[in-house]
Amino acid sequence: MTEDSSAGDSPGRGGGEGGGEGRATGSGAGPQVDQPPVSGSRVGGWTRFVTARPRLSLLIALLLTALAVVAGSGVADRLGSGGWEAPDAESTYATKALEREFPASQPNLLLLLDSGSASVDDPSVAAEANRLTARLATERGITGVGSYWQSGSPALKAKDGHEALIAARITGDEKTASDTLDRLAPSYRGKHGSVQIKVGGPVAVRHEMQNTIREDLTRAELIALPVTLVLLVMVFGSAVAALLPLGVGIIAILGTNAVLRGLTEFTDVSVFAMNLTTALGLGLAIDYALFIVRRFREELATGAQPLTAVGTTLRTAGRTVLFSSLTVAVSLAAMLLFPQYFLRSFAYAGIAVVLLAAAAALILLPAALVLLGNRVNSLDLRRLFRRGKPRTTDDGEAGAVGEGGLWGRMADLVMRRAPIFAAATTVGLIVLGLPFLGVKFGTADDRQLPSGAESHVVQQHIRDGFPGSPGGGLEVLAEGRATATQYARYKDRIAALPEVLRVDGPLVKGDSAYFTVLPKGEAVDERAQHLVGELRATDAPFDTSVTGTAAVLVDSKHAIADRLPWAAAFIAIVTLLLVFLLTGSVLIPIQAVLLNALSLTAMFGAVVWVFQDGHLSGLLSFTSPGSIETTLPVLMFCVAFGLSMDYGVFLLSRIKEEYDHTGDHREAVRFGLQRTGGLITAAAVILAVVMVAIGTSRVTNTKMLGLGIALAVLMDAMVVRSLLVPAVMRLTGRATWWAPGPLRRFHDRFGLSEGEGPTAAASDSEEGSEGDLDEGSEEEGERGSRGKEEGDRGKEKGDRDRDKVEARG
């Protein structure tokens, strides 16, 4: 059935999502597959490209997905579990030099020997310990073996005298060291004569963390996928429509795994990045597909044929999806500015999964929709719960996502009391963020693992029962020819420092030597970090470099502080530009950046209150180290800011479209929230479910990432987008849309929006000028356009008069 209403005949809102209100409806029946559109409409270039051969497109996608499965297989085994240190830092240089010249100075394998009721100095215990030490020294891939029984060092003996350490270094990169540990650990772990052995050390911690993340990720996917499917069915009603976003997400995840596998051939990639791949792959793909499928179903409800509906969908919702994916990718790309490969890995994974999700939503999803046509509404499972009641919605799909009158009434309420809502929401968010003022930064260690993990148990025994934090000391590398007297004087200067507990060494090899400095207190507390600076400032007749856990932390904090202003400026500038291209306003981009940043305060406050201070640690099953890993706030900000912009673009695009059509600022804000409030909330809840599934991880950093982002997403959708944005836009009034003449002309030429045309007060006939639809004759369209413009000018005058009255009131 042809759509016989011209643009000029339609008084309603045309073009945007829900723009079918101003078009005559038909029977809803139309060709299902590959049939040309009806007379009077035409298909634009992009629509023609993605729907010309829908079956072929989907077949190619299926083949590429199968190749991605093969290419990405085993990716987890090639990922690293470190990456927190700055590669160009002094501590990194010293660590590599010590590994090369003095491997025994950098033990990464610890065997904790428990002698039970006997003393570790008992002859039978000592004999067994020496036998194990000698045996370990003969193992392939092991060097620098030492023990308490060989050195007599008090740092290697527990205070109670019932535990002591055998230390060694496993050579090779992370993958080689992990394989060596797998080979050796079973033969050393457990009972040996009268003693019990537990395996620990940095290699064991990394290995156990890697395995735990892999297992937790599988469990998170098993939780997230079915729950997400149920939520999508609740949103769409149709099981067929619900499966489409899930399919887009799976394609994005599998494709990103293949990308990460390829990147491991050229650079280090963190295993933690796989969590972001799953979270964003499902979350964003579902957001984008939700937006597109919903718009497509609305078009079908107006009587549009499938191919025509796809064209309108791509021209409107498709633009928003493209724009949104760019804003998220920009936020994630900021992490490429940091030197730590932990952060860079999240940029690799995030950018890949965002672009793949957008590509699948804009290329594969339209092809599937053309093939499905009206069958996209099949298998309506909600009718089982309606008990025969007729389905009633305000606008096709609006009721399915809860937009109806609720969101419109909320917008009216917020704008009537805009100063109160703006002030209360802002103050509340700031208060929730206050705990972050007490943040303490630290390094990721064994306490990231569950309390029962073997490597965690070993390190906890060392922390609690051994003097001077063995394994947490500082190493000072001395390079350059020196005499024994010069070494002795330098050692005395170090020992005189107030934070030093003991100095061991030097151990000399050629023109190099190293000293081991044990700090008082914890290995990475404030005193240990201060000691790093004092050691680096101590005069010496040779070149010195300081490394160790506290030194790595100091250098990491410095590297982040050095790059953070550049990253923040990059995000802010590019976001301002993108939002200006979307809206043509100078004020809205500034509002978007500030309100997005404000929406993250609750996340940062909760992270400190829960994970640093240890509140809810019993409920959430984690061990608080009393600090936050240095790179986590940067990572969480970039991810959460990008997701906030994702929802911000959805809302602003609808407000901008309505303002372009009516010129009524207040009505545009109300209409934008009414039309997107339920959609954004549904998308946020689904993404939060995925992030909470990630947050069930037994690794603390992953738990913090998942639960923190889930909180940020919900706060942004339910507080900032629903309350703060409409309140602030009401307060700024029509000035919200102001831009100087040169910028207005720039936006007219290069700007993008979800609306039907680039200019304000555009008519519905511009649907034809966009290239996908051409309803009615050109002459009728021109008459309708002129009539609508005249009506809009009258409406704008009335709006201005009303604003003046309200201002006087």
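Residues numbered from 1 in each chain as written. Predicted model: local features only at pLDDT ≥ 70, side-chain atom pairs only at ≥ 80, totals over all residues. Heavy atoms only, no water.

Q: Would you mind showing me how to read the overall build of the protein chain here?
A: Across its full length, the protein chain carries 28 helices and 11 strands. Burial analysis of the protein chain (809 residues in total) assigns 57% to the buried set. Considering only contacts within the protein chain whose residues lie at least 6 apart along the sequence, 80% involve residues at least 24 apart. Total accessible area on the protein chain stands at roughly 31,500 Å², and carbon and sulfur atoms take up 61% of it. (Helix = DSSP H or I, 4+ residues; strand = E, 2+ residues; numbered from the N terminus. Buried < 20%, exposed > 50% of the residue type's maximum accessible area, 1.4 Å probe, protein only. Contact = heavy atoms within 4.5 Å. Areas by Shrake-Rupley, 256 points an atom, 1.4 Å probe, with all protein chains shown as cover.)

Q: Help me understand the sheet that holds strand 5 (residues 195-200) in this model?
A: Each strand in a sheet pairs with its neighbour through backbone hydrogen bonds, running either in the same direction (parallel) or in the opposite one (antiparallel). Judged by pairing direction, the sheet is antiparallel, and its 5 strands sit side by side in the order 2-3-1-5-4 without closing on themselves. Strands at the two margins of the open sheet, each flanked by one partner only, are strand 2 (142-147) and strand 4 (190-192). For this sheet the average axis-to-axis angle between neighbouring strands, irrespective of direction, equals 25°. Sheet topology places strand 1 (residues 109-114) next to strand 5; 5 bridges connect them, and they run antiparallel. Paired with Leu 113 across the bridge in strand 5 is Ile 197. Strands strand 1, strand 3 (163-170) and strand 5 of the sheet are contacted by helix 16 (residues 454-465), whose axis makes an angle of about 105° with strand 5. (Pairing = 2+ DSSP bridges. Axes fitted to C-alpha atoms, helices over the stretch in contact; angles between N-to-C directions.)

Q: Before we go on, may I ask you to explain the sheet that holds strand 7 (residues 474-479) in this structure?
A: One open sheet accounts for 4 strands, arranged 8-9-7-10; its pairing is antiparallel. Because the sheet does not close on itself, it has two edges, and the strands there are strand 8 (500-509) and strand 10 (543-548). Mean inter-strand twist for the sheet, computed between neighbouring axes without regard to direction, equals 20°. Summarising the sheet, strand 7 and strand 9 (residues 512-519) pair through 6 bridges and their orientation is antiparallel. Directly across from Leu 474, in strand 9, lies its bridge partner Val 517. Lying on the sheet, helix 3 (residues 90-101) is in contact with strand 7, strand 8, strand 9 and strand 10; it crosses strand 10 at an angle near 95°. On top of the sheet, helix 17 (residues 484-495) reaches strand 7, strand 8, strand 9 and strand 10; it is set at about 160° to strand 8, its chief contact.

Q: Sorry if this is basic, but what is going on with the pairing of strand 5 here?
A: On a regular strand, each side chain points to the face opposite its neighbour's, so the side chains alternate between the two faces of the sheet. Two elements, strand 4 and strand 5, share 3 bridges in a ladder whose sense is antiparallel. Paired with Gly 190 across the two strands is Ile 197, which belongs to strand 5. The antiparallel pairing of strand 4 with strand 5 creates a hairpin that spans 2 residues between the two strands, and Gly 193 there sits at a positive phi of about 60°.

Q: Looking at this structure, how should I read helix 11 (residues 317-333)?
A: The periodicity of an α-helix, 3.6 residues per turn, causes residues three or four places apart in sequence to face the same way. Between the first and last C-alpha of helix 11 there are 24 Å, a value that for 17 residues agrees with the 24 Å anticipated at 1.5 Å per step. Here helix 11 lies mainly inside the structure; 14 of its 17 residues are buried. (Expected span 1.5 Å × (residues − 1).)

Q: What is the right way to look at the packing of aromatic side chains in this model?
A: The relation between two aromatic rings is expressed through the spacing of the ring centres and the mutual angle of the planes. Following the criterion strictly, the structure yields 14 aromatic pairs and no others. An angle of 15° between the planes, with centres 4.4 Å apart, marks the rings of Phe 291 and Phe 650 as stacked. One end of the pair, Phe 291, is in helix 9 (residues 273-301); the other, Phe 650, is in helix 23 (residues 632-662), and 359 residues separate them in sequence. A residue is classified by how much of its surface remains accessible, and Phe 291, at 0% relative accessible area, is buried. One aromatic cluster is present, formed by Tyr 487, Tyr 490, Phe 515 and Phe 542 through successive ring pairs. Across the ring face of Tyr 188, the terminal group of Arg 135 is positioned such that the distance to the ring centre comes to 4.4 Å. (Phe/Tyr/Trp six-rings, centres within 6.5 Å; stacked < 30°, edge-to-face > 60°. Lys NZ or Arg CZ within 6 Å of the ring centre and 35° of its normal.)

Q: Where do I start with the side chain of Ser 331 in this structure?
A: Structurally, the position occupied by Ser 331 is in helix 11. By relative accessible area, Ser 331 is classed as buried at 0%. Once residues within four sequence positions are removed from consideration, Ser 331 is found in contact with Ile 571, Cys 638, Phe 641 and Gly 642.

Q: Is there a simple way to think about the nonpolar core in this case?
A: Proteins that are soluble and globular tend to have nonpolar side chains buried together. If you look at the biggest cluster of nonpolar residues, it comprises 159 residues, and the most contacted ones within it are Phe 272, Tyr 288, Leu 369, Val 376, Leu 635 and Ile 709. Of the residues forming this core, the biggest block, 19 residues, is contributed by helix 12 (residues 341-372). With sequence-adjacent residues up to four places away left out, Leu 635 is seen in contact with Met 335, Phe 342, Leu 343, Phe 346 and Leu 705. Ranked by size, the runner-up nonpolar core spans 35 residues in total, among them Ile 166, Ala 177, Leu 184 and Ile 462. (Core = buried A, V, L, I, M, F, W, Y, C linked by side-chain atoms within 4.5 Å.)

Q: I keep staring at the pattern of salt bridges and nothing clicks. Help me out?
A: Any two side chains of opposite charge can pair, so long as their charged atoms come close to each other. Per the stated rule, a full pass over the model turns up 25 salt bridges. A salt bridge links Arg 563 to Asp 562, with the shortest nitrogen-to-oxygen separation between them at 3.8 Å. Its relative accessible area of 43% is what places Asp 562 among the partly exposed residues. Overlapping salt bridges bring together Glu 215, Asp 216, Arg 219 and Arg 698 as one network. (Salt bridge = Lys/Arg side-chain N within 4 Å of Asp/Glu carboxyl O.)

Q: How should the environment of Val 689 be read in this particular structure?
A: On the secondary structure map, Val 689 appears in helix 24 (residues 665-695). Through-space distance from the C-alpha of Val 689 to that of Gly 283 is 8.9 Å; in sequence the pair is 406 residues apart. Beyond its immediate stretch of four places on either side in the chain, Val 689 contacts Val 227 and Leu 231.

Q: Please clarify how a nonpolar patch on the surface should be interpreted in this entry.
A: The grouping of Leu 56, Leu 59, Ile 60, Leu 62, Leu 63, Leu 64 and Leu 67 at the surface amounts to a nonpolar patch, some 700 Å² of accessible area in total. Along the polypeptide, Leu 63 turns up in helix 2 (residues 54-72). What makes Leu 63 exposed here is its relative accessible area of 52%. (Patch = residues over 30% accessible without salt bridge, like charges linked within 9 Å, V, L, I, M, F, W, Y side chains within 5 Å.)

Q: Quick question: what am I supposed to make of the confidence of the model for the protein chain here?
A: Regions with low pLDDT should not have their predicted coordinates read in detail. Summing up the model confidence of the protein chain, the mean pLDDT is 80 and the portion of residues at 70 or higher is 83%. Across residues 1-43, where pLDDT falls below 50, the model places 132 contacts with residues more than four positions away in sequence or in other chains. pLDDT under 50 marks residues 754-809. Its contacts with residues more than four places away, or in other chains, come to 105 contacts. (pLDDT = per-residue confidence, 0-100.)

Q: I tried to follow the side chain of Asn 275 on my own but got confused; where do I start?
A: Positionally, Asn 275 belongs in helix 9. Look past the residues within four positions of Asn 275 in its chain and what remains in contact with it is Ile 213, Leu 217, Ile 694 and Thr 702.

Q: When you look at unusual backbone geometry in this model, what are you seeing that I'm missing?
A: Between Gly 505 and the following residue, Pro 506, the backbone shows a cis peptide bond with an omega angle of 10°. Tracing the sequence through the fold places Pro 506 in strand 8. Phi angles above zero are rare outside glycine, and Leu 616 is one such case at about 70°. Relative to the assigned elements, Leu 616 resides in the loop between helix 21 (601-612) and helix 22 (617-620). Note on Leu 616: relative accessible area 40%, which makes it partly exposed. For Ser 621, which is not a glycine, the phi torsion comes out positive at approximately 60°.

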